[in-house]
Amino acid sequence: MTNAFAGGAAASPSAWQIDAVFLFIACVSLFFFLLVEGLLIYFAIRYRRRKASEDAALSDVRSNTLLEIVWVLVPSLAVLAFFTYGYVVFRDVTAPQPGASDVNVTAGQFLYEFKYADGRTAVNELRVPIGPPVKLIMTSRDVIHGFFIPEYRIKQDILPGQYTYLYFQPDREGTFDIFCTQYCGVGHSNMRAKLIVMSPDAYSTWKAEAEGAKAALPLFEKGKELLERFGCLGCHSVDGSVKVGPTFKGLFGRMVLLEAGGEAKADEEYIRESIVDPGAKVVKGFPNAMPTFKGSVSDDDMAAIVAFLKTQK
Amino acid sequence: MALPENGRSRGYLAARGFRSWALTLDHKRIGALYLYTTLFFFLLGGIFGLLIRIKLMYPGQAIFSNQTYNVLFTLHGSMMIFLFIIPGIPSGLGNFFIPLLIGARDVAFPRLNLASYWIFVAGILVILGSLIRPMDTGWTFYTPYSAKTGANIALLSFGIFLVGMSSILTGLNFIVTVHKLRAPGMTWHRMPLFIWGMYATSIIQVLATPVVGITFLLLAMERVFGIGFFDPAKGGDPLLFQHFFWFYSHPVVYVMILPAMGVISEVIPVFSRKPIFGYKAIAYSSLAIAFIGFLVWGHHMFVSGMSKTASIIFSFLTFFVAVPTSVKVFNWIATMYKGSITFESPMLYALTFISLFIIGGLTGMFLGALATDVHVHDTYFIVAHFHYTMMGGTVMGLLAGLHYWWPKMTGRMLSEKTARWGWLLTFIGFNLTFLVQFYLGFKGMPRRWAEYPPQYQTLNIVSTVGSWILAGGILVMFSNFIRGLFRGDPAPANPWKGLTLEWQTSSPPPEENFGTVPVVTDWPYGYVKRKPAGDG
């Protein structure tokens, strides 16, 4: 068990603005809650029937126009204040920010693919430097997904056939959760990504290293990196635990039972087919939930992935 | 329902046998049938809810798979909403008590009433039939997921269409009944407030339900013929479904809550022995809520991709529902001022309704305000909020009504002691289950998650333990109902000394409700100046 109160603190200036609205509404609401609850409990005790014979009330008051006008006006003013404050901050945090760097986001069951302006892509990991605001340009390739960074207090649904946008300004180093908030199928709760905010220096070093390191990796390590990059490990574990899809541990060379009946040997051809046409041979007991990676996994990548799977005894 | 013995009248329960129930035209029997049916789905949906909470104690695959979890939360939500909360008070208590409270012999169209019950049952059977391939969409059925998933969505849509049709017919029946069948002397301002609540509810049912019928018809056509209303690849709009869906499903929130508010408006004055405070304000606020309720559906869609201008307008309009609602709460509290208050179980549930509903209402403020809604939307904050309004509100209102009217419905009393134990456990369990979920949501845990990162586990365990206490309370309560049905003490005609008309006939009432139709000369809340009728 871990500390339930750790994490989740506001992590950007706009998050603090939103927290201020929270606090304002919470204080006013708490006042009304204590008022109503206090009166209810006070009246319940003060005017409880003490003797069975007291079968009638002390008062026959049926209405009081002044009082009723007051308790129409006071809540009206309170909700107008809630609306106005909530609107002003919403306007500010969703407004386009000048000088923002663009990142394209394509959501699919059950991963986010990030595409940077310079052509780099990454799955389920968004790295940005501290400083310039970021504009996410988001679309979905299947159903509706959500994009939620709790510590930034921002959220936006991602729709197929349409772009939606989200702005944020990273001003603190750290790793932040990205959650899918629109129910999207069996892997919904595993559709998580990380936002990694780096110092400008570290960011440019990482960027250079990421470019350079790729070619030098041994094949199976490149395969592992690819599985991480394409988000495969969100649904397939390497330690034997069961997630949305079957585990990779001990997979290669084994016979697997199929949902449609019969069995297949998990060899190179089976793995290739499962990546480009995942619905063709679905493993028994698992949903046909995987998207096709046809076109995004090259022949070289495929070879590296197979090489990695062979190492997972 | 069971019966008084020792020569007391069995009232409307005199006839026995399947046909006497299945073909009855008596609004009381039809109301009872609705209550049995909806309470069954309350218990079934509750079991699904418990399973959901057990899964969420341990965020792994230990108990059952994520897909099973998705099916369970979908069934929990759909059954609770479509088969319990929406029809529960309106069709159950409404059918039973609208004619009694206005001094009528039956509803305006008894045959239509029977037909609407059996259409409801047919809808349920179709829905259950569609579960051969269980649905996993959530109760909101958002496209395009619902257009792609493997479940029998088209058949299911037809079932919901039938249930909706039953709801429309019931609403229509009630509107005509209230207009045409009030007892001599019962002017609009002498009507009990439960009737005002039901009248406003019926207007929503008649006007809003056709929209959900059409929406599900479109969804079925999308699936069967691939027309593409909601499919962007064919030029459709995935958000269109959400607009249609919430155009019904927001107003229907008031179909759930207005009748419960009506029950509370009956119970508070009786147990305070005090005229209700601000009768007209309570009566007209029901109509105001019904009207404003049609203008606010977009507040479910602030982060959906809808235009920002639309979000701002919907946020503004949403807040105006809060005003008539808070007027009701203030009036209930003012009714207790200088009363002579007793705390039998109906009153305990009514006061619980007020307390929990305030929490639901005030946390709604965070959702109406744009900036804060963006953060907590689709998280456990929402889950907590709607459980406070729907379970803390509507279900507590229904339970207040069941305990209050039980003697009238069955001719037998419930055990007060057991009722209080049931209430206490329910109250503690409910708050333990749902209060912590506000915090989970604020910390970012999205709803409909089968698994979650470890930082959320502690509070999920608290919530799950709470759900067991809550289930214990419900169990105690239902054991009291079952015992009361067969072995409860015979009920007098007017055990709570109420002044509304239902207490002026025997418990249980005879087939046509009143020996002679009562003549009404005053409103029903004059507790100080009038002596209560009946043998209380």
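Preceding this paragraph is the structure being described.
Residues numbered from 1 in each chain as written. Chains lettered and ligands numbered in written order. Predicted model: local features only at pLDDT ≥ 70, side-chain atom pairs only at ≥ 80, totals over all residues. Heavy atoms only, no water.

> I keep staring at the overall build of chain B and nothing clicks. Help me out?
Tallying secondary structure elements over chain B gives 17 helices and 0 strands in all. The C-alpha atoms of chain B give a radius of gyration of 23 Å, which matches the 24 Å a tight globule of 536 residues would have. Viewed in the frame of its principal axes, chain B has a C-alpha envelope of about 65 × 45 × 45 Å. At a minimum sequence separation of 6, the contacts of chain B that also span at least 24 residues come to 83%. Taken as a whole, chain B presents about 16,500 Å² of accessible surface, with 70% of it coming from carbon and sulfur. Once the 36 positive and 19 negative side-chain charges of chain B are each reduced to a mean point, those two points are 5 Å apart. (Helix = DSSP H or I, 4+ residues; strand = E, 2+ residues; numbered from the N terminus. Rg over C-alpha atoms; globule rule 2.2 N^0.38 Å. Contact = heavy atoms within 4.5 Å. Areas by Shrake-Rupley, 256 points an atom, 1.4 Å probe, with all protein chains shown as cover. Lys, Arg positive; Asp, Glu negative; His and termini not counted. Charge placed at Lys NZ, Arg CZ, Asp CG, Glu CD.)

> Would you mind showing me how to read the overall build of chain A here?
Scanning chain A from terminus to terminus reveals 6 helices and 12 strands. Projected onto its principal axes, the C-alpha coordinates of chain A cover approximately 85 × 55 × 40 Å. A burial count over chain A gives 48% of its 313 residues as buried. For chain A, long-range pairs separated by at least 24 residues make up 62% of all intrachain contacts whose partners lie at least 6 apart in sequence. Summing over all exposed atoms, chain A offers an accessible surface of approximately 14,600 Å²; the carbon and sulfur share of this is 61%. Charged side chains in chain A number 32 positive and 34 negative. The centres of these two groups are separated by 5 Å. (Buried < 20%, exposed > 50% of the residue type's maximum accessible area, 1.4 Å probe, protein only.)

> Before we go on, may I ask you to explain the pairing of strand β6 (residues 145–149) of chain A in this structure?
Residue and element names in this part refer to chain A. Of all the 5 residues making up β6, 5 are buried; the element is thus mostly covered by neighbouring parts of the structure. Side chains of β6 alternate between two faces, with His145, Phe147 and Ile149 and Gly146 and Phe148 buried alike. Here 5 bridges tie β6 to strand β7 (residues 154–158), and the two strands are oriented antiparallel to one another. The partner of histidine 145 across the bridge, within β7, is isoleucine 158. Here β6 folds back onto β7, and the loop between the two strands holds 4 residues, one of which, arginine 153, carries a positive phi near 60°. (Pairing = 2+ DSSP bridges.)

> Help me understand the side chain of glutamate 266 of chain B, please; the structure alone is not making it clear to me.
All names here are of chain B. With respect to the helices and strands, glutamate 266 occurs in helix α9 (residues 251–272). At 2.9 Å, the side chain of glutamate 266 and the backbone nitrogen of leucine 193 are in polar contact. For glutamate 266, the residues in contact, after removing those within four places along its chain, are Pro192, Leu193, Phe194, Tyr404, Thr500 and Tyr525. (Polar contact = N/O pair within 3.5 Å; in protein donor to acceptor, adjacent residues only side chain to side chain.)

> Help me out: how do you make sense of the pattern of salt bridges in this one?
It is possible for side chains of opposite charge to pair when their charged atoms get near one another. Residue and element names in this part refer to chain A. Counting across every chain of the model gives 12 salt bridges over all chains. With a shortest N-O distance of 3.9 Å, arginine 229 and glutamate 225 are connected by a salt bridge. Of the two residues, arginine 229 and glutamate 225 are both situated in helix α4 (residues 219–229); the distance of 4 residues between them amounts to about one turn of the helix. Among the residues examined, glutamate 225 registers a relative accessible area of 24% and is labelled partly exposed. (Salt bridge = Lys/Arg side-chain N within 4 Å of Asp/Glu carboxyl O.)

> Please clarify how the sheet that holds strand β5 (residues 134–140) of chain A should be interpreted in this entry.
Sheet strands line up and pair through hydrogen bonds in the backbone, either parallel or antiparallel. Residue and element names in this part refer to chain A. Read across the open sheet, the 5 strands follow the order β3-β2-β1-β5-β8; overall the sheet is mixed. Unpaired on one side and paired on the other, β3 (121–123) and β8 (164–168) mark the two borders of the sheet. Pairwise comparison of adjacent strand axes, ignoring direction, gives a mean angle of 25° for this sheet. Summarising the sheet, β5 and β8 pair through 5 bridges and their orientation is antiparallel. Bridge pairing in β8 links leucine 136 to leucine 166. (Axes fitted to C-alpha atoms, helices over the stretch in contact; angles between N-to-C directions.)

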